[in-house]
There are 2 protein chains.
Amino acid sequence: MKIDVIPYASAIRPDLIDNRYVVVIDVLRASSVMVTALANGANAFIPVSTVDEARQKAVMYHEEEILLCGERDTKTIDGFHLGNSPQAYTQDKVAGKTLIFTTSNGTRALNRLKEAAEVFIGSFLNMEALVNRFLRLDNVVLVCSGTNNNFSMDDAMCAAFFMDEIMKKKAVMLSDLSITLLKAFQKERGDLHLLLKDCYHLNLLKRNGFGDDVDYCLQKSISNIVPEMKNGRIIRG
Amino acid sequence: MKIDVIPYASAIRPDLIDNRYVVVIDVLRASSVMVTALANGANAFIPVSTVDEARQKAVMYHEEEILLCGERDTKTIDGFHLGNSPQAYTQDKVAGKTLIFTTSNGTRALNRLKEAAEVFIGSFLNMEALVNRFLRLDNVVLVCSGTNNNFSMDDAMCAAFFMDEIMKKKAVMLSDLSITLLKAFQKERGDLHLLLKDCYHLNLLKRNGFGDDVDYCLQKSISNIVPEMKNGRIIRG
């Protein structure tokens, strides 16, 4: 299988994803939130780009059907039910709900993928399940969401983890960026905290009091959920 | 010093380079050509984006003052004096000449850098001299030219070589992409042919008969020339 990587959301171009199987990765924390909430019984995520769009979308539903979720500058948005901390998406809060979701980086990437054949959500949490989903698919593009339109190591090293795992199971053709990320990943693959210790976004979250979220999101393959995008909604695949 | 990396030419944005010291890297082969030709007595390079622009520029000079140089699809352009093989830029050919130069990737990057404080040319060939030039400069952006608007390992690993060397001499602050490239570089830093064995562009050149150029361009620090851009011309700094 051919594996390409897009290094951050603003580098998405239609020709890079046209008719290909896309994995969107936003480790800290949108991907990890989606995996966790869908595991805990959430119906679906509706990713939107702006806070206003989220509020406008909410009025189309009965109040008890939905939750407004997301962050700006790492923090919960005023008046929203939930922020971007995956462990807050507990079963008692999210089961049966549709989650209208806006984040600084992850949902921006999701709304630029109309040309893709299918779109999946990747994180460290669900990697084994994601890799198994791709055993019979070819032609994958790993889209790293990045941080503020720039390359972010957490997402890039998660893309490398995908490659490292799938190469154990099938033959791959790697692009130059894929090879480079894999080389960067391999020496410290056994200790993600060490590998990512200088990652800007990870350290920003720690400084803002979200160290527990970081610890949670860097766990490998603890969930068998592979979220998929269907008709603009992210559902349990 | 702060070190950022731009992964390929089309990712250059004015806000990323504004008032910063920029190093343009196109290892295979434009940077290596410039270092070599300026060492062999060429007056200057005038980088242009298109073949037509090169021919139009040429008519502004006496015929004996200039050479038309460059490549498309790795090969010498019809009617041009020289292609993109650095070792063809010998003293007897280039001394005293102004070289009008157009390549697929490198000159494209050069023409997008108007906001930079200063622009230098980097390659494996002139790395030690380049690093020494930056001992008293801060705030550097390494621009990898890339190949066909995509990330190219040869340029990225040369950017990593810059970081690896300058870190021996001064304290640095690295971006996420800088850290990642450095991690990818370090294990095989002693054998560039091994490090780059799966690089797409390198293998394309080998297939097209330019294996000698590849061997030449992967030599470390054999030249003390640091080309600089002044008023749209690349000169010996």
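**Looking at the overall build of chain A**
Argument step 1. Tallying secondary structure elements over chain A gives eleven helices and eleven strands in all.
Argument step 2. A globule of 237 residues ought to have a C-alpha radius of gyration of about 18 Å, and chain A, at 16 Å, matches this closely.
Argument step 3. Principal-axis analysis of the C-alpha atoms places the extent of chain A at approximately 50 × 40 × 30 Å.
Argument step 4. For chain A, the proportion of its 237 residues judged to be buried stands at 59%.
Argument step 5. A separation of at least 24 residues holds for 77% of the contacts in chain A among residues at least 6 apart in sequence.
Argument step 6. For chain A, the exposed area adds up to about 9600 Å²; of that, 46% sits on carbon and sulfur atoms.
Argument step 7. With 28 positive and 29 negative side-chain charges, chain A shows a spacing of 3 Å between the two charge centroids.

**Points about the environment of Thr74 of chain B**
All names here are of chain B.
Argument step 1. Residue placement: Thr74 occurs in the loop between β4 (66–72) and β5 (75–76).
Argument step 2. Along the backbone, Thr74 and Leu99 are 25 residues apart, and their C-alpha atoms lie at a distance of 18 Å.
Argument step 3. Not counting residues up to four positions away in its chain, the partners in contact with Thr74 are Arg29, Leu204, Leu205, Asn208 and Phe210.
Argument step 4. At a separation of 2.9 Å, a polar atom in the side chain of Thr74 contacts the side chain of Asn208.

**Focus on the relation of the copies chain A and chain B**
Argument step 1. For these two chains of identical sequence, chain A goes onto chain B by a turn of 180° and a shift of 0.0 Å along the axis, with RMSD 0.0 Å. Taken together, the rotation and translation describe the operation of a two-fold axis. Proximity to the rotation axis, assessed at the C-alpha, singles out Ala184 of chain A in chain A; its C-alpha lies 2.0 Å from the axis.
Argument step 2. Most of the interface of chain A is mirrored in chain B, where 100% of its interface residues again form contacts.

**With respect to the interface of chain A and chain B**
Accessible area lost on assembly of the parts is the figure often given for the size of an interface.
Argument step 1. Contacts between chain A and chain B engage 24 residues on the former and 24 residues on the latter.
Argument step 2. For the pairing of chain A and chain B, the buried interface totals around 1800 Å² over both sides, and the portion due to carbon and sulfur atoms is 57%.
Argument step 3. Together, Asp176, Thr180 and Lys183 of chain A form the three largest contributors to the area buried by chain A at its contact with chain B, with a combined 33%.
Argument step 4. Taken together, the connections running from chain A to chain B amount to two salt bridges.

**Here's the deal with the pairing of strand β8 (residues 140–144) of chain A**
Residues and elements named next belong to chain A.
Argument step 1. The buried fraction of β8 amounts to five of the five residues, a majority that puts the element mostly inside the structure.
Argument step 2. Residue alternation in β8 divides its side chains into two sets, Val140, Leu142 and Cys144 and Val141 and Val143, and both sets are buried.
Argument step 3. The pairing of strand β2 (residues 21–25) with β8 spans five bridges and is classified as parallel. Each residue of the ladder has a partner; that of Ile25, found in β8, is Cys144.

**Remarks on the pattern of salt bridges**
Argument step 1. According to the stated counting rule, one finds 24 salt bridges over all chains in the structure shown.
Argument step 2. Where Asp198 of chain B meets Lys197 of chain B, a salt bridge forms, and the shortest distance between an N and an O atom there is 3.0 Å.
Argument step 3. Three or more residues are tied together by salt bridges with common partners; here these are Glu118, Arg133, Glu228 and Lys230 of chain A.

**Some points on the side chain of Asp26 of chain A**
Residues and elements named next belong to chain A.
Argument step 1. Relative to the helices and strands, Asp26 is located in the loop between β2 and α2 (30–39).
Argument step 2. No salt bridge is formed by the buried Asp26, whose closest oppositely charged neighbour, Arg29, lies at an N-O distance of 7.9 Å.
Argument step 3. Once residues within four sequence positions are removed from consideration, Asp26 is found in contact with Ser31, Ser32, Thr103, Asn105, Gly106, Gly122, Ser145 and Asp155.

**Here we look at the packing of aromatic side chains**
Argument step 1. Applying the stated rule across the entire model yields twelve aromatic pairs over all chains.
Argument step 2. With 5.0 Å between their ring centres and 65° between their planes, Phe45 of chain A and Phe101 of chain A make a pair best called edge-to-face. One end of the pair, Phe45 of chain A, is in strand β3 (residues 44–47); the other, Phe101 of chain A, is in strand β6 (residues 98–102), with 56 residues separating them in the sequence. For the pair Phe45 of chain A and Phe101 of chain A, a shared accessibility class is recorded, and that class is buried.
Argument step 3. Judged by centre distance (5.3 Å) and plane angle (70°), the rings of Phe120 of chain B and Phe134 of chain B are edge-to-face. Taken as a pair, Phe120 of chain B in strand β7 (residues 118–122) and Phe134 of chain B in the loop between α6 (127–133) and β8 (140–144) lie far apart in primary sequence, 14 residues in all. Across this residue pair, the class does not change: Phe120 of chain B and Phe134 of chain B are buried.
Argument step 4. Here a set of aromatic residues connected by ring pairs shows up, and it is made of Phe45, Tyr89 and Phe101 of chain A.

**Comments concerning empty space enclosed by the protein**
If you roll a probe as big as a water molecule over the atoms, it shows you where there is empty space left.
All names here are of chain A.
Argument step 1. As enumerated under the stated definition, the model contains one cavity of 30 Å³ or more in all.
Argument step 2. Here the largest cavity defines a volume of roughly 30 Å³.
Argument step 3. Considering the residues around the largest cavity, the lining is formed by Val24, Asp26, Ala30, Ser31, Met34, Gly106, Leu110 and Ile121.
Argument step 4. Among the secondary structure elements, those contributing two or more residues to the lining of the largest cavity are α2 and α5 (106–110).
Argument step 5. Looking at the lining of the largest cavity element by element, the count peaks at three residues for α2.

**What to know about helix α10 (residues 200–207) of chain A**
Argument step 1. Within α10 of chain A, the full set of buried residues consists of His201, Leu202, Leu204 and Leu205 of chain A. For α10 of chain A, the buried positions fall inside an angular range of 160° around the axis, keeping them on one side.

**Description of the nonpolar core**
One broad rule of soluble globular proteins: the nonpolar side chains tend to lie buried together.
Argument step 1. Judged by nonpolar contacts, the single largest core of 166 residues is most densely connected at Phe162 of chain A together with Phe162 of chain B.
Argument step 2. For Phe162 of chain A, the residues in contact, after removing those within four places along its chain, are Ile3, Met127, Leu130, Val131, Phe134, Val140 and Leu142 of chain A.

**Thoughts on helix α7 (residues 153–166) of chain B**
Each turn of an α-helix holds 3.6 residues, which means side chains three or four residues apart point in the same direction.
Argument step 1. Relative to the 20 Å expected for 14 residues at 1.5 Å per residue, α7 of chain B spans 20 Å between its end C-alpha atoms, a close match to the ideal helical length.
Argument step 2. A large share of α7 of chain B lies buried, amounting to 13 of its 14 residues.

**Notes on the confidence of the model for chain A**
Argument step 1. Per-residue pLDDT for chain A averages 96, and the proportion of residues at 70 or more is 100%.
Argument step 2. Model confidence for the complex: the whole-complex pTM is 0.95, and ipTM, which rates the interface, is 0.95.

**Brief notes about the packing of helix α7 (residues 153–166) of chain A against helix α8 (residues 176–186) of chain A**
How two helices sit against one another is set out by the angle between their axes and by the gap between those axes.
Residue and element names in this part refer to chain A.
Argument step 1. Where α7 contacts α8, the axes come no closer than 8 Å and their chain directions differ by 95°. One way to sum up the angle between α7 and α8 is to call them roughly perpendicular. The segment α7 lies against α8, with Ala156, Met157, Ala160, Phe161, Met163 and Asp164 engaging Ser178, Leu181, Leu182, Ala184, Phe185 and Gln186.
Argument step 2. Residue classes in the contact of α7 with α8 are distributed as nine nonpolar, two polar and one charged.

How each quantity is defined
- Residues numbered from 1 in each chain as written.
- Chains lettered and ligands numbered in written order.
- Predicted model: local features only at pLDDT ≥ 70, side-chain atom pairs only at ≥ 80, totals over all residues.
- Heavy atoms only, no water.
- Helix = DSSP H or I, 4+ residues; strand = E, 2+ residues; numbered from the N terminus.
- Rg over C-alpha atoms; globule rule 2.2 N^0.38 Å.
- Buried < 20%, exposed > 50% of the residue type's maximum accessible area, 1.4 Å probe, protein only.
- Contact = heavy atoms within 4.5 Å.
- Areas by Shrake-Rupley, 256 points an atom, 1.4 Å probe, with all protein chains shown as cover.
- Lys, Arg positive; Asp, Glu negative; His and termini not counted.
- Charge placed at Lys NZ, Arg CZ, Asp CG, Glu CD.
- Polar contact = N/O pair within 3.5 Å; in protein donor to acceptor, adjacent residues only side chain to side chain.
- Least-squares fit on C-alpha atoms with pLDDT ≥ 70 in both.
- Buried area = accessible area lost by both parts, 1.4 Å probe.
- Salt bridge = Lys/Arg side-chain N within 4 Å of Asp/Glu carboxyl O.
- Pairing = 2+ DSSP bridges.
- Phe/Tyr/Trp six-rings, centres within 6.5 Å; stacked < 30°, edge-to-face > 60°.
- 1 Å grid on protein atoms, 1.4 Å probe; cavity = no way out; pocket = protein on both sides within 12 Å on 5 of 7 lines; lining within 4 Å.
- Points joined across faces, edges and corners; volume = space filled by probe spheres on them.
- Arc of directions from axis to C-beta.
- Core = buried A, V, L, I, M, F, W, Y, C linked by side-chain atoms within 4.5 Å.
- Expected span 1.5 Å × (residues − 1).
- pLDDT = per-residue confidence, 0-100.
- Axes fitted to C-alpha atoms, helices over the stretch in contact; angles between N-to-C directions.
- Parallel < 35°, antiparallel > 145°, perpendicular 65-115°, else oblique.
- Nonpolar A, V, L, I, M, F, W, Y, C, P; charged D, E, K, R; others polar.

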